[in-house]
Amino acid sequence: MPVDSRRLQGPESAFSYTLLEKKDANAEESILSADLQKMLIDSNHVRKDKRKPTDARPLFLRTGIISQAKGSAYIEQGNTKLVCGVYGPREVQKKSDFRLNGQLFCEFKFAPFSCQKRRSHQQDNEELVLSGLLREALEAAVCLHHFPKAQVEVNIMVIENDGSPLAAALTCASLALASASIPMYDLVIGAAVRQLPKLLLLDPTKDEEWQPKLNHDENNSNLTVGFMPSMQQICAYVHEGVSNPEELEQMLKIVTEYCLKVQPVVQLCLKETVEKMLASEGENNDAE
Amino acid sequence: MSIAPQLLRGPSLMAEILLSEAEKAFIHHGDDLRCDGRTRLDYRPIILETGLVSNASGSSRLRLANSDVLVGVKVELASPLSEKPLEGRLEFFVDCSANATPEFEGRGGEDLANEICRFLQMSYMSGDTINLSELSVLAGQQCWVLYVDILILECGGNLYDTVSLAVKSALYTTQIPSIKVATMDGDQPELELSEDPYDTKRLNTQNVPCLVTLMKIGNHYLVDPTPEEECCSSSGVVVAVSGSKKITAVRKIGSGSLHPESLVSMLKTASEVGAVVNKILMKKLLEEETAGKTQKVGFMR
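Parameters and conventions
- Residues numbered from 1 in each chain as written.
- Chains lettered and ligands numbered in written order.
- Predicted model: local features only at pLDDT ≥ 70, side-chain atom pairs only at ≥ 80, totals over all residues.
- Heavy atoms only, no water.
- Helix = DSSP H or I, 4+ residues; strand = E, 2+ residues; numbered from the N terminus.
- Rg over C-alpha atoms; globule rule 2.2 N^0.38 Å.
- Buried < 20%, exposed > 50% of the residue type's maximum accessible area, 1.4 Å probe, protein only.
- Contact = heavy atoms within 4.5 Å.
- Areas by Shrake-Rupley, 256 points an atom, 1.4 Å probe, with all protein chains shown as cover.
- Lys, Arg positive; Asp, Glu negative; His and termini not counted.
- Charge placed at Lys NZ, Arg CZ, Asp CG, Glu CD.
- Pairing = 2+ DSSP bridges.
- Axes fitted to C-alpha atoms, helices over the stretch in contact; angles between N-to-C directions.
- Polar contact = N/O pair within 3.5 Å; in protein donor to acceptor, adjacent residues only side chain to side chain.
- Nonpolar A, V, L, I, M, F, W, Y, C, P; charged D, E, K, R; others polar.
- UniProt positions renumbered as here; feature names shortened; annotations may be inferred.
- Patch = residues over 30% accessible without salt bridge, like charges linked within 9 Å, V, L, I, M, F, W, Y side chains within 5 Å.
- Salt bridge = Lys/Arg side-chain N within 4 Å of Asp/Glu carboxyl O.

Topic: the overall build of chain B
Part 1: Each helix and strand counted, chain B has 5 helices and 14 strands in total.
Part 2: Rg of the C-alpha trace for chain B: 21 Å, near the compact-globule value of 19 Å for 301 residues, within the 12% margin.
Part 3: Each principal axis of the C-alpha atoms in chain B carries an extent, and together these give about 75 × 45 × 40 Å.
Part 4: Per-residue burial for chain B yields a buried fraction of 52% across its 301 residues.
Part 5: Long-range contacts, defined as pairs at least 24 residues apart, comprise 70% of the intrachain contacts of chain B with a sequence gap of at least 6.
Part 6: With the model as given, the accessible surface of chain B reaches about 13,400 Å², and the carbon-plus-sulfur share is 52%.
Part 7: Between the averaged position of the 29 positive side-chain charges in chain B and that of its 40 negative side-chain charges there is a distance of 5 Å.

Focus on the overall build of chain A
Part 1: When helices and strands are tallied, chain A shows 5 helices and 9 strands.
Part 2: Scanning chain A from its N terminus toward the C terminus, one meets helices and strands in the order α-α-β-β-β-β-α-β-α-β-β-β-β-α.
Part 3: When the 288 residues of chain A are sorted by exposure, 52% land in the buried category.
Part 4: Residue pairs at least 24 apart in sequence account for 67% of intrachain contacts in chain A once pairs closer than 6 positions are excluded.
Part 5: Carbon and sulfur atoms form 52% of the exposed surface of chain A, whose accessible area is close to 15,000 Å².

What about the sheet that holds strand β2 (residues 71-77) of chain A?
All names here are of chain A.
Part 1: With respect to topology, 5 strands assemble into an open sheet ordered β1-β2-β3-β5-β4, the strand pairing being mixed. The strands lining the two open edges of the sheet, one partner per strand, are β1 (59-63) and β4 (103-110). Sheet twist, expressed as the average angle between the axes of neighbouring strands with direction ignored, equals 15 degrees.
Part 2: Note: strand β3 (residues 80-91) against strand β5 (residues 150-160), 9 bridges, orientation antiparallel. Note that in β5 the partner of lysine 81 across the bridge is glutamate 160.
Part 3: On the sheet, helix α3 (residues 125-141) packs against β4 and β5 and is oriented at approximately 140 degrees with respect to β4.
Part 4: Across the sheet, helix α5 (residues 245-287) touches β1 and β2, and the angle it forms with β1 is around 30 degrees.

So, the interface of chain A and chain B
Part 1: At the interface, 42 residues of chain A touch 42 residues of chain B.
Part 2: Here chain A is connected to chain B by 12 residue pairs in polar contact (both at pLDDT 80 or more).
Part 3: The leading source of residues in the side of chain A that touches chain B is strand β9 (residues 233-243) of chain A, at 11 residues.
Part 4: Of the residues that constitute the side of chain A that touches chain B, the class distribution is 21 nonpolar, 9 polar and 12 charged.

Comments concerning the UniProt feature "domain: Exoribonuclease phosphorolytic" (unreviewed entry) in chain B
Part 1: UniProt feature "domain: Exoribonuclease phosphorolytic" (unreviewed entry): in the numbering of this structure it lies at residues 43-177 and 207-272 of chain B.
Part 2: Taken end to end, residues 207-272 of chain B has its terminal C-alpha atoms 15 Å apart, with 26% of it in helix and 39% in strand.

Remarks on unusual backbone geometry
Part 1: Going from glycine 88 of chain A to proline 89 of chain A, the amide bond is cis rather than trans, its omega being 5 degrees.
Part 2: Tracing the sequence through the fold places proline 89 of chain A in strand β3.
Part 3: We note that glutamine 232 of chain A has phi near 55 degrees; this positive angle belongs to a residue other than glycine.
Part 4: Inspection of the secondary structure assignment puts glutamine 232 of chain A in the loop between β8 (220-228) and β9.
Part 5: For glutamine 232 of chain A, a relative accessible area of 32% translates into the label partly exposed.
Part 6: Positive phi, normally seen in glycine, also occurs at alanine 65 of chain B, with a value near 50 degrees.
Part 7: As for its placement among the helices and strands, alanine 65 of chain B is situated in the loop between β2 (58-64) and β3 (67-78).

Let's talk about the pairing of β3 of chain A
Residues and elements named next belong to chain A.
Part 1: Across 7 bridges, the pairing between β2 and β3 is antiparallel. Bridge pairing in β3 links isoleucine 75 to leucine 82.
Part 2: Counting the residues that bridge the hairpin from β2 to β3 gives 2 residues, and of these glycine 78 lies at a positive phi of roughly 65 degrees.

Things to note about a nonpolar patch on the surface
Part 1: Together, Phe113, Met157 and Ile159 of chain A line one region of the surface with nonpolar side chains, adding up to about 300 Å² of accessible area.
Part 2: Within the secondary structure, isoleucine 159 of chain A is located in strand β5.

Describing the sheet that holds strand β6 (residues 189-196) of chain A
Part 1: On the basis of which strands lie adjacent, the open sheet formed by 8 strands has the order β7(A)-β6(A)-β8(A)-β9(A)-β14(B)-β13(B)-β11(B)-β12(B) and antiparallel pairing. Lying at the two open borders of the sheet, with one neighbouring strand each, are β7 (199-202) of chain A together with β12 (220-223) of chain B. The average undirected angle you get between the axes of adjacent strands in this sheet is 20 degrees.
Part 2: In this sheet, β12 of chain B lies alongside strand β11 (residues 210-217) of chain B in antiparallel orientation, the contact comprising 4 bridges. The residue of β12 of chain B that forms the bridge with leucine 214 of chain B is valine 223 of chain B.
Part 3: Packing of α5 of chain A onto the sheet brings it into contact with β6, β7, β8 and β9 of chain A together with β14 (247-253) of chain B, and relative to β6 of chain A it is tilted by some 145 degrees.

Okay, here's the thing in structure tokens:
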């Protein structure tokens, strides 16, 4: 792994003190699904943060928070917080990258302090893959033929990661793109769901998210979907963990239903953005 | 002039696949019959041989029509990750060399290689597929690391499936030497390697997943797309299906989108197809093993 010599690196053998935490009765290794389920949900079917299994966390959206960017958005989904800035369309710098259609350039970055484990300043493998997933999802939504030979940059910075970062990033990026007046077929709404053997948890937090572990005796997985509600199209689909196709069908149903509920919220936010923009333009004209 | 969607993000020098309107129309609207005479759910012929690389602990070469992949597995001792002290690990590395196709020139293949690596990692992660605790030598101190190096020799479409089948076969043949903790000298354990080179163990690869790529073209979807079919399609899914017919990872590929209904039906088909592919592969591997020493064919042939 190449390291940036200009940055101060910790000693190579440094590790997070959280690993020294005492775990009860070798817990993690021997957790069976039944116990796991008990850990995440109590007997009244209420999750640790007082949600029902099919409830999502409260959502907060705001546009126009980066003055330098063409469009920007901020999303808060419980404790998952991230910003997105959209720049362009601008001319493609490298001649070799020339393409007749417009191009999207996506960068997904976790702030070094955003996760429990410290992340490096350089994009790691996971971030690269998330960038790719984001680009593939947005490419399906953006009318690329409207800005030929140009590129639009979409930068995501995760400030705090408390589960489902890709889902939040999809919603945030499509809102930022829309607020930057980039022509799109539809808004993309992201949503995630965690599958336990007999239970589905919508919009999982970090603790509820699926972690690769041994000895999982039954089906356990995580699914993130990017959905375009008015077009009824799925533009991102990432599933990790073990499931049957029938279970995946059910998970998909829950997720798309949730997306349909979120769509008006995002549209409202967008409407307010446009109204604000028109109002400020009106003021400018009056001043002249 | 169209370009295979998987290669879209490569730099300049695209080897464009030239397709006439009539060819495109056939691929889009043809009945359950494809240009090479297959039906939509048929694979192209596969050639598989294991144990070709003498210096590797396990190796395989797989050719699926024009896609040619060579996989070598090296086992090495290392200290386990601090967050998983009781497990060994698998490390994947895909090399998309410029030899395979001009798109991979320079850094062109890097993104694709990265994607394949990450997807393999993702699909091998769940406890159902491979038992990583078998790779632990001394809890918290020493474990086996399996370096799975994948060399793409020729690129003729459907890389995900080709790579996964080759990796599974290579892991099937991988020999892990027996090692014993002889004495504990203070804090330092002394490891003793068995003197008999044939005293090895093998991993249980029964449940290791195979990847199945389904490409959506027109109103249909098909398995094992040729490069021509890949460039007629804007989206598809890669599904990892374990030996027990369960899905261990899915992701959408390409820059298009899919309707939920067609996605669900694709997932169902993929799990059926994957189970069959898995079964046949295991059968063939067993056949090769029991056939004993036969003349090796070798790679690049």
